[in-house]
Amino acid sequence: MALEDNEITAPFISLIHREHAKYINENVKEDGLSFGLHPLLIVIDKKDGISQEQLAEIFHLNESTVARNLKKLEEKGFIERIKDKRKKIIKTTPKGKKTAQKVINHDKIWDERLKENLTDEEYETFFKTLKKICEKLIWTKPSTT
């Protein structure tokens with residue numbers, strides 16, 4: 001059953017998100033990585049030496065949530081946390097690097113699946129629109145004046 005055209009956007013966004021989660025989970029389950037942890041692993045791999053505080057800021061999460069997820073990644077052998085003065089520096093292990101690249105490759109395949117039913121122009125517009133929504137609603141703080 002399809003959603004009606006006059007619906008609000010949230011159900012469509014949720015549906016795409018859930019399908020992407022199922023796709024990623026199916027392709028990395030033998031690695032022991034769940035969908036909820038993969039964005040953290042990818043950012044840690046790309047920004048080797050990032051701090052817990054920086055991760056919390058990037059993902060708009062509180063530090064305790066990030067700490068719990070980092071503990072899971074560490075227990076599974078994907079990352080290591082190195083004490084550096086007052087903060088912990090987070091780095092990927094070789095296993096983490098390999099798994100992060102695997103997820104990135106599957107994300108590229110997912111994007112190719114999205115592109116199959118869109119023209120290049122439609123996909124570019126879709127991507128730019130998603131980015132704009134994130135920039136306006138999430139990444140920038142509203143003015144207090």
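Up top is the structure.
These numbers were taken from a predicted model, which means no experiment stands behind them.

Reading the values: the criteria
Residues numbered from 1 in each chain as written. Predicted model: local features only at pLDDT ≥ 70, side-chain atom pairs only at ≥ 80, totals over all residues. Heavy atoms only, no water. Helix = DSSP H or I, 4+ residues; strand = E, 2+ residues; numbered from the N terminus. Buried < 20%, exposed > 50% of the residue type's maximum accessible area, 1.4 Å probe, protein only. Contact = heavy atoms within 4.5 Å. Areas by Shrake-Rupley, 256 points an atom, 1.4 Å probe, with all protein chains shown as cover. Lys, Arg positive; Asp, Glu negative; His and termini not counted. Charge placed at Lys NZ, Arg CZ, Asp CG, Glu CD. Core = buried A, V, L, I, M, F, W, Y, C linked by side-chain atoms within 4.5 Å. Expected span 1.5 Å × (residues − 1). Arc of directions from axis to C-beta.

The next subject is the overall build of the chain. A count of helices and strands for the chain gives six helices and three strands. Secondary structure elements in the chain, listed N-terminal to C-terminal, are α-α-β-α-α-β-β-α-α. The dimensions of the chain, computed from C-alpha atoms along their principal axes, are 55 × 50 × 25 Å. Put simply, the chain has 145 residues, and 28% of those count as buried. Long-range pairs, those at least 24 residues apart, make up 51% of the contacts in the chain with a sequence separation of at least 6. Accessible surface, the chain as shown: approximately 10600 Å² in total, 55% of it carbon and sulfur. In the chain, 28 positive and 25 negative side-chain charges are present, and the distance between their average locations comes to 9 Å.

Ranked by size, the top nonpolar core spans 25 residues in total, and within it L33, I44, L55, L70, L73 and I79 carry the most contacts. Mapped onto this core, the elements with two or more residues apiece are α1 (10-28), α2 (38-46), α3 (52-59), α4 (63-75) and α5 (94-115). Other than its neighbours up to four places away in sequence, L70 contacts I44, Q52, L55, I79, R81 and I90.

Our focus in this paragraph is α4. With 13 residues, α4 extends 18 Å between its outermost C-alpha atoms, agreeing within 8% with the 18 Å of an ideal straight helix rising 1.5 Å per residue. Buried within α4 we find T65, V66, N69, L70 and L73. Taken around the axis of α4, the buried residues stretch over an arc of 130°, which confines them to a single face. On its buried face, α4 sits against α2, α3, β2 (79-84) and β3 (87-92).

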